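Topology and contacts: notes
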Amino acid sequence: MFDFYQVGELLTPEEQAMQKAARRFLEAECLPYIAAWWENAEFPTHLIRKFGEMGFLGPNIPVEYGGLGASAATYGVVSYELERIDSGLRSFCSVQSSLVMYPIWAYGSEEQKREYLPRLARGELVGCFGLTEADGGSDPDGNMKTRARRDGGDYVLNGSKMWITNGNLAHIALIWAKDEAGVVRGFIVPTDSKGFRAHKIQHKASLRASVTSELVLEEVRVPKTALLPGVEGLKGPLSCLTQARFGIAWGALGALEAVYTEALAFAQSRTTFGAPIARRQLVQEKLVRMAADHTKGLLLAWRLARLKDESRLRPAQVSLAKRDNVRAALNGARAAREILGGSGITLEYHSIRHMLNLETVDTYEGTHDIHTLILGRELTGENALGEGPRPRTVAR
Ligand code: TGC
Ligand code: FAD
């Protein structure tokens, strides 16, 4: 494991044990097959229950609801190890843990928690999270056309969602829709509901070992017990994003470790002009940049985890870590691909797969530029995101 500042020593024995177990499991069950899954655009559904057994699904959820009740860094190291293999594997677990289990745990009724959380933790049920719509995901409030209207004891949902991870695998979809007062609300929608359809998005050149879908809801009727009672307004979905972005800040460093170690080994064994390319300053500069970014990113992620456990985490702090760690990993993957030369363009090596995946990771969960603007707003008090003529969503 590459860990230049021994950040691993700052982890508790339980966190260290989880990281070791995850690495052992993923190296045996995923690493040998991932390139083929990626090339064939396949997600390894046979591993979902095993992910549950390993504690990868909702590790932070309390034990009474089927989770491990584990620390933030436990979730962090799991994300790191998953993404060291492939961003698509981490995506699956991010969505299940942070975007489906978290909102049910944080905002669900007791009945909803008991009905869904243990089965989601075991991987018996798969969930997806529908926030983004086709007109522009960066501004989910301004672009949300999906509506929920009351009809007796039910809600009726109409609209569509775009780019939804796990959409075609999911048994339940967490759908964010505006009610008749224009307030964003969350609904747990069984995907076998009449009027619910998922279309798998084809021809992706990134995150191929992950299922991405468009969801269409036409007069989908759910009982009022499907509503998450504990939250109103955009802060509902945004607070879930804070959880997932935290995991991505760790995960991206797993991908960075993978491309760094691959590039280093190649550079040490590849000889040109009578010496290994690792002896060349231009190559060393690239490797040093990767190692430095990994080291700084890990310290950032570790500190963030401790702040999270102390409930002192601010969303803008997560924005900084997601933004910088993902961009560092993407730059590292591009540099690793370059060091590998022609070999770097084949799936025999991992760097180009990570590089292409990280283009998605740089975009989803808030694009790099959106996080820049969130941070700019936090630092200056000035909103450069754009005001827009739309009415703001106000929690009642
Ligand atoms: P804004 O006025 O900033 O906020 C509205 C309310 O939400 C609160 N809030 C947050 N709460 C918790 N966590 C956060 N990160 C929060 N950010 C904001 C805020 O305090 C306010 O609360 P209240 O009580 O005053 O109502 O709203 P805005 O419309 O100006 O938002 C701007 C912006 C840019 C922050 C937001 O729209 C945004 O984050 N946009 C990016 C959207 C995004 O990240 N989408 C991701 C979709 S899911 C996904 O990509 C999954 S990929 C998963 C995978 O496969 O791994
Ligand atoms: P847009 O919002 O249209 O942005 C286009 C460009 O404009 C970007 O470069 C952006 O940075 C820039 N931009 C936007 N606004 C501004 C501004 N104010 N100032 C300057 N620049 C700006 N969403 C879900 O809800 N659930 C999921 O499970 C999910 N999974 C995904 C999986 C994949 C593989 C992908 C690719 C996306 C997924 N998403 C999901 C959607 C993702 O969150 C969005 O793609 C992302 O938020 C960006 O939205 P957009 O693609 O509509 O781009």
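Rules used in this analysis
Residues numbered from 1 in each chain as written. Chains lettered and ligands numbered in written order. Predicted model: local features only at pLDDT ≥ 70, side-chain atom pairs only at ≥ 80, totals over all residues. Heavy atoms only, no water. Near = heavy atom within 4 Å. Polar contact = N/O pair within 3.5 Å; in protein donor to acceptor, adjacent residues only side chain to side chain. Areas by Shrake-Rupley, 256 points an atom, 1.4 Å probe, with all protein chains shown as cover. Nonpolar A, V, L, I, M, F, W, Y, C, P; charged D, E, K, R; others polar. Domains from an automatic or database assignment. Contact = heavy atoms within 4.5 Å. Buried area = accessible area lost by both parts, 1.4 Å probe. Helix = DSSP H or I, 4+ residues; strand = E, 2+ residues; numbered from the N terminus. Buried < 20%, exposed > 50% of the residue type's maximum accessible area, 1.4 Å probe, protein only. Phe/Tyr/Trp six-rings, centres within 6.5 Å; stacked < 30°, edge-to-face > 60°. Lys NZ or Arg CZ within 6 Å of the ring centre and 35° of its normal.

Re the site of ligand 2
- Around ligand 2 lies a shell of 20 residues, among which Thr 132, Gly 137, Ser 138, Trp 163 and Thr 367 are the nearest.
- Within the side chain of Thr 132, one N or O atom sits 2.7 Å away from a nitrogen atom of ligand 2.
- Between ligand 2 and the protein, one listed contact pairs an oxygen atom with a backbone N or O atom of Gly 137 at 2.6 Å.
- When ligand 2 sits alone it has 980 Å² of accessible area, and the protein chains cover 68% of it.
- Its residues assigned to classes, the shell around ligand 2 shows 9 nonpolar, 9 polar and 2 charged.
- Residue-level mapping places the shell around ligand 2 at the junction of two domains, with at least three residues from each of domain 2 (128-226) and domain 3 (235-380).

So, the domain arrangement of the chain
- Along its sequence, the chain is organised into domain 1 (7-126), domain 2 (128-226) and domain 3 (235-380).
- Across the boundary between the two partners, domain 1 contributes 25 residues, which contact 21 residues of domain 2.
- Taken over both partners, the interface formed by domain 1 and domain 2 buries close to 1,900 Å², and the fraction arising from carbon and sulfur atoms is 68%.
- Contact with domain 2 buries surface across domain 1, with Trp 38, Leu 99 and Val 126 losing the most and accounting together for 29% of the total.

Some words on the site of ligand 1
- Close to ligand 1 lie 27 residues; Ser 91, Thr 242, Arg 245, Gly 366 and Arg 377 are nearest.
- One of the backbone nitrogen or oxygen atoms of Gly 366 is found 2.8 Å away from an oxygen atom of ligand 1.
- Measuring from an oxygen atom of ligand 1, one finds a side-chain N or O atom of Arg 377 at 2.7 Å.
- Here ligand 1 loses 77% of its free accessible area of 1,100 Å² to cover by the protein chains.
- Those elements that provide at least two residues to the shell around ligand 1 are α5 (87-107), α7 (235-269) and α11 (368-380).
- Top element by residues in the shell around ligand 1 is α7. It accounts for 6 residues.
- Broken down by class, the residue content of the shell around ligand 1 amounts to 12 nonpolar, 9 polar and 6 charged.

Describing unusual backbone geometry
- Positive phi, close to 70 degrees, is recorded for Asn 166, a residue that is not glycine.
- Within the secondary structure, Asn 166 sits in the loop between β3 (154-165) and β4 (172-178).
- The phi angle at Glu 365 is positive, at roughly 60 degrees, despite the residue not being glycine.
- Relative to the elements of secondary structure, Glu 365 occurs in the loop between α10 (351-363) and α11.

Looking at the side chain of Arg 185
- For Arg 185, the location among the structural elements is in strand β5 (residues 184-190).
- For Arg 185, a relative accessible area of 7% puts it in the buried group.
- Among the polar contacts made by the side chain of Arg 185, one reaches the side chain of Glu 232 at a distance of 3.3 Å.

Remarks on the environment of Tyr 349
- With respect to the element layout, Tyr 349 can be found in the loop between α9 (315-339) and α10.
- When the C-alpha positions of Tyr 349 and Ala 263 are compared, they lie 9.6 Å apart, and in sequence the two are 86 residues distant.
- Contacts of Tyr 349, omitting those with residues within four sequence positions, involve Glu 262, Phe 266, Leu 340 and Ser 343.

Notes on the packing of aromatic side chains
- Tallying each qualifying case throughout the model produces 15 aromatic pairs.
- Residues Phe 4 and Tyr 5 carry aromatic rings whose centres are separated by 6.2 Å and whose planes lie at 25 degrees to one another, so their mutual orientation is stacked. In this pair, the class of Phe 4 matches that of Tyr 5, namely exposed.
- Centre to centre, the rings of Phe 43 and Phe 92 are 4.8 Å apart; their planes meet at 20 degrees, and the pair counts as stacked. A residue pair is termed long-range when its members are at least 10 positions apart, and Phe 43 in the loop between α2 (34-39) and α3 (48-54) and Phe 92 in helix α5 qualify at 49 residues.
- Residue class for Phe 43 comes out buried when judged on its relative accessible area of 8%.
- Residue classification places Phe 92 among the buried positions, given a relative accessible area of 1%.
- Counting every residue linked through ring pairs, the aromatic cluster contains Phe 25, Phe 43, Phe 51, Phe 56 and Phe 92.
- Over the ring of Tyr 155 we find Arg 150, and its NZ or CZ is 5.1 Å from the ring centre.
- Lys 308 extends its terminal NZ or CZ atom over the ring of Phe 246, reaching a point 5.2 Å from the ring centre.

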